[in-house]
Amino acid sequence: MSNELKVKFWGVRGSYPAPGAGTVKYGGNTPSVEVQAGNRTIILDAGTGIIPLGRELARMKRAGEILLLLSHMHHDHTQGFPFFVPAYMPNSKLHIYGPDGTHESMKNVLERNQSSETFPLGLRDMASAKDIQAVRESQVILWDEAGVRVAESAIGLSDEAVVIRIHKSYAHPGGVFIYRITWRGKSVVYATDTEGYVGTDKRLVNFAKDADVLIHDAQYLDEHYWGGLAGFPSTQGFGHSTVTMACEVAASANTGQLILFHHDPAYADDVLAGMERTAKSLFADSVAAYEGLEIVLRDEKMSVQLQSPANHGRDVQYAQNG
Ligand SMILES: [Zn+2]
Ligand SMILES: [Zn+2]
């Protein structure tokens, strides 16, 4: 089994897909992130980025068993699922875990997204085996030799087990799950759709403490958030962060690399490049997520590989002690 914990970004855009010439560099697909722990495949969210990811998993014959974690049930985090190829493969087993909605179960929301009025095929028309479960913040999701399961604690597990902890954030309308995936001592925190607090989100800082990688919502420029960007109303209270807020969490939690995520669909590539520069001035080890970005964490040392989007050919590779 590979000893690498790999993270690959397939969709990095928030709110709605943003194709077009202005978003070629970072990409226009909505959130979906692949995490590979050895030979186990975990997917964070099912925005449109999950569509090319699904094709790749099928092509590579890696669609046998997949754990899909949903942060919450908003469109931009579920809209790719009806086009996720492994869901149609009879030999695939999908574990789909996430939070129940405020008024409706998670399963109902997924079924309603594919009701006969809104989509030609229902969940039941998708041939894969599906284990759909709402999970709670107090639980842990485990994946070891015994398979994928939800448990009340992670005590007594081998180092081979993938352990996923859940933090429920209230800093997004309806709430959102933030996940921390740990395998062989390396950990990745996925904190999308969350808004910073004055003086930093202390609960989130605790949860993300010393993580090797922090993927954090950084949707807005500060002036946009505060209502000073021409043509855009203030977005305070919308449940998304600024670059400054994301950097504050990374610094307070003493994390490794910070990945700016859930980019505003109205922002073109040059705006995002500027936000990345701002982030680096506040937290040096920052990168704005783009489609195709891959991060590889190994047992003793962390090596980060940045492959530039196709048409730019920039290739940067560096290693640091993790
Ligand atoms: Zn979102
Ligand atoms: Zn949302």
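Reference entry: report on the structure contained in this document. (Residues numbered from 1 in each chain as written. Chains lettered and ligands numbered in written order. Predicted model: local features only at pLDDT ≥ 70, side-chain atom pairs only at ≥ 80, totals over all residues. Heavy atoms only, no water.)

**Some details on the overall build of the protein**
Consideration 1: Within the protein, the regular secondary structure consists of 6 helices and 17 strands.
Consideration 2: Taken against the 2.2 N^0.38 rule, which gives 20 Å for 322 residues, the C-alpha radius of gyration of the protein at 18 Å falls within 12% of a compact globule.
Consideration 3: The dimensions of the protein, computed from C-alpha atoms along their principal axes, are 50 × 50 × 40 Å.
Consideration 4: By residue count, 56% of the 322 residues in the protein fall in the buried class.
Consideration 5: Look at the contacts in the protein between residues 6 or more apart in sequence, and 64% of them connect residues 24 or more apart.
Consideration 6: Accessible area of the protein: about 13,300 Å², with a carbon and sulfur share of 52%.
Consideration 7: Taking the average place of the 29 positive charges on the side chains of the protein and the average place of its 37 negative ones, the gap between the two points comes to 4 Å. (Helix = DSSP H or I, 4+ residues; strand = E, 2+ residues; numbered from the N terminus. Rg over C-alpha atoms; globule rule 2.2 N^0.38 Å. Buried < 20%, exposed > 50% of the residue type's maximum accessible area, 1.4 Å probe, protein only. Contact = heavy atoms within 4.5 Å. Areas by Shrake-Rupley, 256 points an atom, 1.4 Å probe, with all protein chains shown as cover. Lys, Arg positive; Asp, Glu negative; His and termini not counted. Charge placed at Lys NZ, Arg CZ, Asp CG, Glu CD.)

**A closer look at the coordination of the zinc ion (ligand 1)**
Consideration 1: Taken together, the protein ligands of the zinc ion (ligand 1) are Asp76 (OD), His77 (NE2), Asp193 (OD) and His262 (NE2), with distances of 2.1 to 2.3 Å.
Consideration 2: The site at the zinc ion (ligand 1) holds 4 donor atoms, and with the angles between them running 92 to 164°, its shape is irregular.
Consideration 3: The sequence pattern formed by the donor residues of the zinc ion (ligand 1) is D-H-x115-D-x68-H.
Consideration 4: The zinc ion (ligand 2) is placed at 3.6 Å from the zinc ion (ligand 1), the two being bridged by Asp193. With Asp193 in the loop between strand E11 (186-191) and helix H3 (202-208) and His262 in the loop between strand E13 (257-261) and helix H6 (269-282), this pair connects stretches of sequence that are 69 residues apart. Across the pair, exposure class does not vary: Asp193 and His262 are buried alike. (Donors = N, O, S within 2.8 Å, 3.2 Å for Na, K, Ca; no water. Tetrahedral: all angles 85-135°; square planar, octahedral: opposite > 155°, others 65-115°.)

**Here we look at the environment of Gly64**
Consideration 1: In this structure, Gly64 sits in the loop between helix H1 (50-59) and strand E4 (65-69).
Consideration 2: Among the residues examined, Gly64 registers a relative accessible area of 40% and is labelled partly exposed.
Consideration 3: Separated by 27 residues in sequence, Gly64 and Asn91 have C-alpha atoms that sit 6.3 Å apart.
Consideration 4: Once you skip the residues sitting within four places of it in the chain, Gly64 turns out to touch Asn91, Ser92 and Lys93.

**Some remarks on the coordination of the zinc ion (ligand 2)**
Consideration 1: The protein atoms that coordinate the zinc ion (ligand 2) are His72 (NE2), His74 (ND1), His172 (NE2) and Asp193 (OD), at distances spanning 2.1 to 2.6 Å.
Consideration 2: Donor residues binding the zinc ion (ligand 2) come from one chain and are separated in sequence as H-x1-H-x97-H-x20-D.
Consideration 3: On the accessibility criterion, His74 (32% relative accessible area) is partly exposed.
Consideration 4: Classification of His172 as buried rests on a relative accessible area of 6%.

**Observations concerning the packing of aromatic side chains**
Consideration 1: If you walk through the whole model with that rule in mind, you get 6 aromatic pairs.
Consideration 2: For the pair Phe81 and Phe84, a centre-to-centre distance of 6.2 Å together with 35° between the ring planes defines the contact as tilted.
Consideration 3: Ring centres of Tyr225 and Trp226 lie 4.9 Å apart, and the angle between their planes is 90°; this geometry places the pair in the edge-to-face category.
Consideration 4: Relative accessible area serves as the criterion here: at 3%, Tyr225 is assigned to the buried category.
Consideration 5: Members of the aromatic cluster, connected to one another through ring pairs, are Phe9, Tyr190 and Phe261. (Phe/Tyr/Trp six-rings, centres within 6.5 Å; stacked < 30°, edge-to-face > 60°.)

**Remarks on the nonpolar core**
Consideration 1: Residues Phe9, Leu69 and Ile215 are the most contacted members of the largest nonpolar core, which totals 65 residues.
Consideration 2: If sequence neighbours within four positions are ignored, Phe9 has contacts with Ser32, Val33, Ile215, Ile259, Phe261, Ala289, Tyr290, Glu291, Gly292, Leu293 and Ile295.
Consideration 3: Listed in part, the 23 residues of the second largest apolar core include Ala46, Ile51, Leu57 and Leu123. (Core = buried A, V, L, I, M, F, W, Y, C linked by side-chain atoms within 4.5 Å.)

**Let's talk about the sheet that holds strand E14 (residues 286-288)**
Consideration 1: Here we have 8 strands laid out as an open sheet, ordered E8-E7-E9-E10-E11-E12-E13-E14, and mixed in their pairing. Two strands bound the open sheet, and with one partner strand each, they are strand E8 (147-151) and E14. Recorded for the sheet is a direction-independent mean angle of 20° between the axes of neighbouring strands.
Consideration 2: As paired strands, E13 and E14 are joined by 3 bridges and run parallel to one another. Each bridged residue has a counterpart across the sheet, and for Leu260 the counterpart in E14 is Ala288. (Pairing = 2+ DSSP bridges. Axes fitted to C-alpha atoms, helices over the stretch in contact; angles between N-to-C directions.)

**A short note on the pairing of strand E5 (residues 93-98)**
Consideration 1: Counting buried positions over the 6 residues of E5 gives 5, a clear majority of the element.
Consideration 2: Examined bridge by bridge, E4 and E5 share 5 bridges and lie parallel to one another. For Glu65, the partnering residue across the bridge sits in E5 and is Lys93.
Consideration 3: Here E5 runs beside strand E6 (residues 129-134); their pairing, made up of 6 bridges, is parallel. Considered in E6, the bridge of Ile96 is made with Ile132.
Consideration 4: A crossover connection joins E5 to the parallel E6 through helix H2 (residues 106-113); in handedness this β-α-β unit is right-handed. (Right-handed = clockwise from strand over helix to strand, strands pointing away.)

**Considering the environment of Gln257**
Consideration 1: Mapped onto the elements of the fold, Gln257 is located in strand E13.
Consideration 2: Overall, Gln257 belongs to the buried group, its relative accessible area being 0%.
Consideration 3: Taking the C-alpha atoms as reference points, Gln257 and Leu214, 43 residues apart in sequence, are found 6.3 Å from one another.

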